[in-house]
Amino acid sequence: MEDIKLCIKSTLDFISESDVKAFEAQVKKCNETLEDGTGKGNDFLGWLHLPSSITKEFLADIKETAAYLRANCDVVVVAGIGGSYLGAKAVIDSLSNSFAWLKNPKPAIVYAGNNIGEDYLAELMEYLSDKKFGIINISKSGTTTETALAFRLLKTRLEKQVGKDEARKRIVAITDKAKGALRTLSTKEGYKTYVIPDNVGGRFSVLTPVGLLPIAVAGLDVDALVEGAQRMETVCGTYTSFEENPAAMYAATRNALYRSGKKIEILVNYQPKLHFIAEWWKQLYGESEGKENKGIFNASVDFTTDLHSMGQWIQEGERTIFETVLSIKSANEKLEVPFDEENLDGLNFLAGKRVDEVNKMAELGTRLAHVDGGVPNLRIEIPVLNAYYIGQLIYFFERACGISGYLLEVNPFNQPGVEAYKKNMFALLNKPGYEAESKAIQARLK
Ligand code: PA5
């Protein structure tokens, strides 16, 4: 069976093969540092061999819990933020029917705890008021405000609707094995729980229960997803040849581009279903690399939609960008452009062609135009959009991220910068323990 492939040919008008090759020794070293666990953040390397450590028994347990929620809920609310939500949403969206929501799926998956929008939460409460719903509450720290606040609202609503005993059966918590408010609360309430391993950070946690349970609840093939990730663990982990290791080549190429002045990487897709893969990728790379005043800025666009908006900037704006294109080789569905006798729209030149062929020509035309316009293009070729290849893609990006972070000489596995806003928010909200910060902020705001 084919694997996903990385193609860097359309970067070679901007950097040379030897610029990429120059990273070979360093990349090899970074890979070894990951493997022997001697680098920065080495207490967060649990993701590295996670796919191959997933057992059939563990997946069976995930599937059993998912089956219970599927059988007993019309709606399942997945509460979580950042790494505790983006991976599940990315996989579910990319593998589900685009109109699943309108087809009354059982259960519908909705999300909460990823914002503090009062309108959003009030509208969610209203939506749930006549629904048979369950909750998957996900927080590694167990103390994240967005998620805890949403969970308090959801739990109150559910208990009011069905009583404490029934509510407890429909709530699953995914959190640390011992620490945090969510663990304490879950033990006290008697919820079914899953553990997020200590050594797996949020943005690397999609292949733990954090991602796998919601994905299984959505009725998707978690076995194939894990198999795909296992395959990439082998491909990216066996370091026989630099050129044949896609994670090594991706890390090297993006860093060669970065050093040549291309400071922004735009992840491009031509399938709207992949929108949240890009959101997940932005968190993975942005939170891993953006520190110590360094790091490629991660952006994303959905083409061809955004060719009619950001396309102008990409073609002619400041030349500090490069693109990485997620290119799906074959569409899953078949839809041809019909012939029209009158041809009033002038589209008969497309009659009989697959819509995907039009999309592919848009993709190729855009690549040529963007390269002409000074935008290097990397391409990740994905044979077909299914769980197996999404699994491959996830591990490929994770592995390359670890290597790339080490190339940058940062700790790719922490996120100290995320705390700054929290400290101010807690001080402004008079959270106990933040009195000094509160005073300092009040003085600053005067
Ligand atoms: O990657 C990360 O570690 C973060 O994005 C977290 O996933 C996010 O902040 C949510 O944290 P928690 O799971 O502790 O609620």
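**Describing the overall build of the chain**
Next up, step 1: Each helix and strand counted, the chain has 17 helices and ten strands in total.
Next up, step 2: Each principal axis of the C-alpha distribution contributes one length, and for the chain these read about 60 × 60 × 55 Å.
Next up, step 3: Within the chain, contacts between residues separated by at least 24 positions form 78% of all contacts whose residues are at least 6 apart in sequence.
Next up, step 4: Counting every atom, the chain has about 20500 Å² of accessible surface; 54% of that belongs to carbon and sulfur.
Next up, step 5: Looking at charge distribution, the chain has the averaged site of its 53 positive side-chain charges lying 6 Å from that of its 59 negative ones.

**Notes on the sheet that holds strand β8 (residues 297-302)**
Next up, step 1: Reading across the sheet, the five strands line up as β1-β10-β9-β7-β8 and stay open at both edges, with mixed pairing between neighbours. Each end of this open sheet is capped by a strand with a single partner; those strands are β1 (5-7) and β8. Ignoring which end each strand starts from, the neighbouring axes of this sheet average 20° apart.
Next up, step 2: Inspection of the sheet shows β1 paired to strand β10 (residues 377-384) by three bridges, in the antiparallel sense. Looking at the pairing, Cys-7 lines up with Arg-379 of β10.
Next up, step 3: Of the strands in this sheet, β9 (321-330) and β10 touch helix α14 (residues 355-372), which is tilted by about 160° from β9.

**Here we look at the site of the ligand**
Next up, step 1: Lining the immediate surroundings of the ligand are 13 residues, of which Ser-84, Ser-139, Ser-141, Thr-144 and Gln-283 lie closest.
Next up, step 2: Within the side chain of Ser-139, a nitrogen or oxygen atom sits 2.6 Å from an oxygen atom of the ligand.
Next up, step 3: Here Lys-140 contributes a backbone N or O atom positioned 2.7 Å from an oxygen atom of the ligand.
Next up, step 4: Relative to its unbound accessible surface of 380 Å², the ligand loses 88% to contact with the protein.

**So, the packing of helix α10 (residues 222-237) against helix α15 (residues 387-407)**
Next up, step 1: In the contact formed by α10 and α15, the axes pass within 6 Å of each other and the chain directions differ by 40°. Here α10 lies oblique to α15, going by the angle between them. Both α10 and α15 take part in a crossing whose hand is right-handed. Mapping the contact onto sequence places Ala-224, Leu-225, Glu-227, Gly-228, Ala-229, Arg-231, Met-232, Glu-233, Cys-236 and Gly-237 in α10 and Ala-387, Tyr-388, Ile-390, Gly-391, Gln-392, Ile-394, Tyr-395, Phe-396 and Arg-399 in α15.
Next up, step 2: Partitioning the contact of α10 with α15 into residue classes produces eleven nonpolar, four polar and four charged.

**Here we look at the layout of surface pockets**
Next up, step 1: Approximately 960 Å³ is the volume found for the largest pocket.
Next up, step 2: Considering the residues around the largest pocket, the lining is formed by 37 residues, among which Ser-141, Thr-144, Gln-415, Val-418 and Lys-422 are closest to the centre.
Next up, step 3: Listed by contribution, the elements that provide at least two residues to the lining of the largest pocket are α7 (145-169), α12 (275-289) and α16 (419-428).
Next up, step 4: Of all the elements, α16 adds the most residues to the lining of the largest pocket, at six residues.
Next up, step 5: There is about 690 Å³ of room inside the second largest pocket.
Next up, step 6: Counting only elements with at least two residues in the lining of the second largest pocket, the list comes to α5 (86-95), β9 and α14.

**Considerations on the packing of aromatic side chains**
Next up, step 1: This model, assessed by the stated rule, comprises 20 aromatic pairs.
Next up, step 2: Measuring from centroid to centroid gives 6.1 Å for Tyr-250 and Tyr-285, while their planes differ by 75°, and the two rings are edge-to-face. Linking Tyr-250 in helix α11 (residues 246-259) with Tyr-285 in helix α12, this pair joins segments that are 35 residues apart in sequence.
Next up, step 3: For the ring pair Tyr-250 and Phe-396, a centre distance of 5.4 Å and an interplane angle of 40° mean the geometry is tilted. Separated by 146 residues along the polypeptide, Tyr-250 in helix α11 and Phe-396 in helix α15 bring together distant segments of the chain. The same class applies to Tyr-250 as to Phe-396, namely buried.
Next up, step 4: Every member of this aromatic cluster is reached through a ring pair, and the members are Tyr-250, Trp-280, Trp-281, Tyr-285, Phe-396 and Phe-397.
Next up, step 5: The cationic tip of Lys-89 hangs over the ring face of Phe-276; the distance from NZ or CZ to the ring centre is 4.7 Å.

**Topic: the environment of Lys-291**
Next up, step 1: Examined against the element boundaries, Lys-291 turns out to sit in the loop between α12 and β8.
Next up, step 2: In this structure Lys-291 comes out as buried when scored by relative accessible area, which is 10%.
Next up, step 3: Filtering out sequence-adjacent residues up to four positions away, Lys-291 remains in contact with Arg-203, Val-410, Asn-411, Pro-412, Phe-413, Asn-414 and Gln-415.

Reading the values: rules and limits
- Residues numbered from 1 in each chain as written.
- Predicted model: local features only at pLDDT ≥ 70, side-chain atom pairs only at ≥ 80, totals over all residues.
- Heavy atoms only, no water.
- Helix = DSSP H or I, 4+ residues; strand = E, 2+ residues; numbered from the N terminus.
- Contact = heavy atoms within 4.5 Å.
- Areas by Shrake-Rupley, 256 points an atom, 1.4 Å probe, with all protein chains shown as cover.
- Lys, Arg positive; Asp, Glu negative; His and termini not counted.
- Charge placed at Lys NZ, Arg CZ, Asp CG, Glu CD.
- Pairing = 2+ DSSP bridges.
- Axes fitted to C-alpha atoms, helices over the stretch in contact; angles between N-to-C directions.
- Near = heavy atom within 4 Å.
- Polar contact = N/O pair within 3.5 Å; in protein donor to acceptor, adjacent residues only side chain to side chain.
- Parallel < 35°, antiparallel > 145°, perpendicular 65-115°, else oblique.
- Left-handed = near helix turned anticlockwise from the far one by under 90°.
- Nonpolar A, V, L, I, M, F, W, Y, C, P; charged D, E, K, R; others polar.
- 1 Å grid on protein atoms, 1.4 Å probe; cavity = no way out; pocket = protein on both sides within 12 Å on 5 of 7 lines; lining within 4 Å.
- Points joined across faces, edges and corners; volume = space filled by probe spheres on them.
- Phe/Tyr/Trp six-rings, centres within 6.5 Å; stacked < 30°, edge-to-face > 60°.
- Buried < 20%, exposed > 50% of the residue type's maximum accessible area, 1.4 Å probe, protein only.
- Lys NZ or Arg CZ within 6 Å of the ring centre and 35° of its normal.

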